[in-house]
Amino acid sequence: MDKQDSIITNMPDIRVKIRIIILLGIVNVFLMASYFLLTHFTVRTVQVDGNKHYSAEEIKAMVMTGYLGDNSLYLSLKYKNKGIEGVPFVETMDVMVQSNDTIRITVYEKALAGYVQYLGRYMYFDNEGVVVETSKVTTKGIPQVTGLSFDHVVLHEKLPVENEQIFQNILTITKLLNKYDVLCDRIQFDKNYNVTLGYGGVKVNIGALDNLDEKLMQLPQILPSLAGERGTLDLQNYTADRKSVSFEKGK
């Protein structure tokens, strides 16, 4: 076999080696690109806004799911122009990638006016009295409403109370409590729809809803001085002209 025949014979081997080298080069580039994407776009900072019912860690666990759940590039594609729905107590969640290692999760929770206890569960209702969620745990910042009379509760339907004006009253109370930053634990109605608010061991007797604004605006000044106390703060006769306030200690 002469030299030319030897070169021709070795040509297939050379082609194979070239293909292997090219393939190894492609694999190497792919591995380097993958390493860059996995490290450069790893989320290190997560900002969570608007959450009350769920902790920031619980929200992060809901959003950052799957093998690439901590990759900002993957998350930007997964949630592009799409919110997260179907989460109890949450209307929707928006995910915004702010940089390669930072994302912001904005939580829009359902508007809840209060909850009632029924058959061992907490039934949360909105400002119109519609039961929007049911849970075995309570949510901080949402008051328990007692004194309402009903014989059944159906999810996504109004609480079947005799006087539906009660829901407007609850809305009025909660708006003013938010205004003065004095959210309560409980809102209690008696048979005449007089109101008592609960703050731990302290009951605040509001009485009828007349002069409600004047009554509730006193709470930011009074409640701090009653921290740790048990008893009843009487504001039912308070007016702008007659500043009647008394506190009776209880056991």
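From a predicted model like this one, the values you see are computed outputs, not experimental measurements. (Residues numbered from 1 in each chain as written. Predicted model: local features only at pLDDT ≥ 70, side-chain atom pairs only at ≥ 80, totals over all residues. Heavy atoms only, no water.)

What follows deals with the overall build of the protein. Counting its secondary structure elements, the protein contains 6 helices and 12 strands. For the protein, buried positions account for 34% of its 251 residues. Here the analysis covers contacts within the protein between residues at least 6 apart in sequence; of these, 45% occur between residues at least 24 apart. When the accessible surface of the protein is split by element, carbon and sulfur atoms take 53% of a total near 15600 Å². (Helix = DSSP H or I, 4+ residues; strand = E, 2+ residues; numbered from the N terminus. Buried < 20%, exposed > 50% of the residue type's maximum accessible area, 1.4 Å probe, protein only. Contact = heavy atoms within 4.5 Å. Areas by Shrake-Rupley, 256 points an atom, 1.4 Å probe, with all protein chains shown as cover.)

Counted at 1.5 Å a residue, the expected span for helix α4 (residues 165-179) with its 15 residues is 21 Å, and the 21 Å between its end C-alpha atoms agrees. Those residues of α4 that fall on the buried side of the exposure criterion are I166, F167, N169, I170, L171, I173, T174, L176 and L177. Contact partners of the buried residues in α4: β5 (121-125), β7 (144-146), β8 (186-189), β9 (195-199), α5 (212-216) and α6 (219-222). Immediately beyond the C-terminal end of α4, within one or two residues, lies D181, with a positive phi of roughly 55°. (Expected span 1.5 Å × (residues − 1).)

For F89, which is not glycine, the phi torsion reads 70° and is therefore positive. Mapped onto the elements, F89 comes out in the loop between α3 (72-78) and β2 (90-99). Positive phi is not limited to glycine here, since Y193 has a value of about 65°. The class of Y193 is partly exposed, set by a relative accessible area of 32%.

On to a nonpolar patch on the surface. Taken together, I14, I18, I22 and I26 make up a surface patch of nonpolar side chains, about 370 Å² in accessible area. Position of I18 relative to the elements: it lies in helix α1 (residues 3-40). (Patch = residues over 30% accessible without salt bridge, like charges linked within 9 Å, V, L, I, M, F, W, Y side chains within 5 Å. Salt bridge = Lys/Arg side-chain N within 4 Å of Asp/Glu carboxyl O.)

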